[in-house]
Amino acid sequence: MSVLALPKPVQRRLADPVNRVLRRVPAWPLYILGALPPAWLYWAALNDRLGVDPVREMEHQLGLWGLWLIIATLVVTPLRQITGISLLKYRRALGLLTFFYIVCHLAVWAYYDVQTWSRVWADIVKRPYITIGMAGLLLMLPLALTSNNASIRRLGKSWRKLHKLVYAVAILGALHFVILVKGFQIEPLLYMAAILILLALRLPWATRR
């Protein structure tokens, strides 16, 4: 149990009503809702609603939303430990949507921005922030491929170990953003700080009580 956890009576008063509502809310609508923002972005780009550089705006928004989703995924465990509110049944959907957004982010960059595969490879090799971003995406592949009940049964205890790769993915995603921006900007540093805090809450000192 987390050292930051609320007392059990407080958790019950706070979490029980919320959890009763959440038990009635399925996870599948998240996939539909999650598909809407990229579709809207594409429509907005086609209709000149994204400013003078629609491709860059699409890249930025898709990458940023992917970062928000991975942070939301990391919030699930400490939220349950501290408050008793359980969003565990939504974590798979959040993780798969993270992968979807990052793949869309990559596709916009590769197809609309760089446009040729030789230049894509050259940028991956030469630009550190792209190298880091690609490393994060590659680490997400086994997570996405094993985010199903059959893989959980087949891998057993190894499944949990494999899915701890999400911690590295989160750090690489935030680092990609930090290096990408020009000059000192507080926004990417705040995302990195949020991720490091969420990971620190998983350390033994934070879960011992």
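Just above sits the structure.
All figures in this text were calculated on a predicted structure; none of them were measured in a lab.

**Student:** Mind laying out the overall build of the chain, listing which residues take part and the relevant values?
**Tutor:** Along the chain, the regular secondary structure elements total 11 helices and 0 strands. Over its C-alpha atoms, taken along the principal directions, the chain stretches across nearly 55 × 40 × 35 Å. A burial count over the chain gives 39% of its 209 residues as buried. Within the chain, counting contacts between residues at least 6 apart in sequence, those at least 24 apart form 70% of the total.

**Student:** Describe the nonpolar core, naming the residues involved and giving the relevant values.
**Tutor:** Ranked by internal contacts, the top residues of the largest apolar core, which has 30 residues, are Ile70, Leu74, Trp109 and Ile195. Elements that contribute at least two residues to this core include exactly helix H3 (54-83), helix H4 (88-114), helix H5 (117-126), helix H6 (128-145), helix H9 (165-180) and helix H10 (186-200). For this core, the element with the most residues is H6, which contributes 6 residues. What isoleucine 70 contacts, discounting residues up to four positions off in sequence, is Thr98, Val166, Val169 and Ala170. Residues Leu41, Leu69, Val76 and Leu97 belong to the second largest nonpolar core, which totals 15 residues.

Reading the values: rules and limits
- Residues numbered from 1 in each chain as written.
- Predicted model: local features only at pLDDT ≥ 70, side-chain atom pairs only at ≥ 80, totals over all residues.
- Heavy atoms only, no water.
- Helix = DSSP H or I, 4+ residues; strand = E, 2+ residues; numbered from the N terminus.
- Buried < 20%, exposed > 50% of the residue type's maximum accessible area, 1.4 Å probe, protein only.
- Contact = heavy atoms within 4.5 Å.
- Core = buried A, V, L, I, M, F, W, Y, C linked by side-chain atoms within 4.5 Å.

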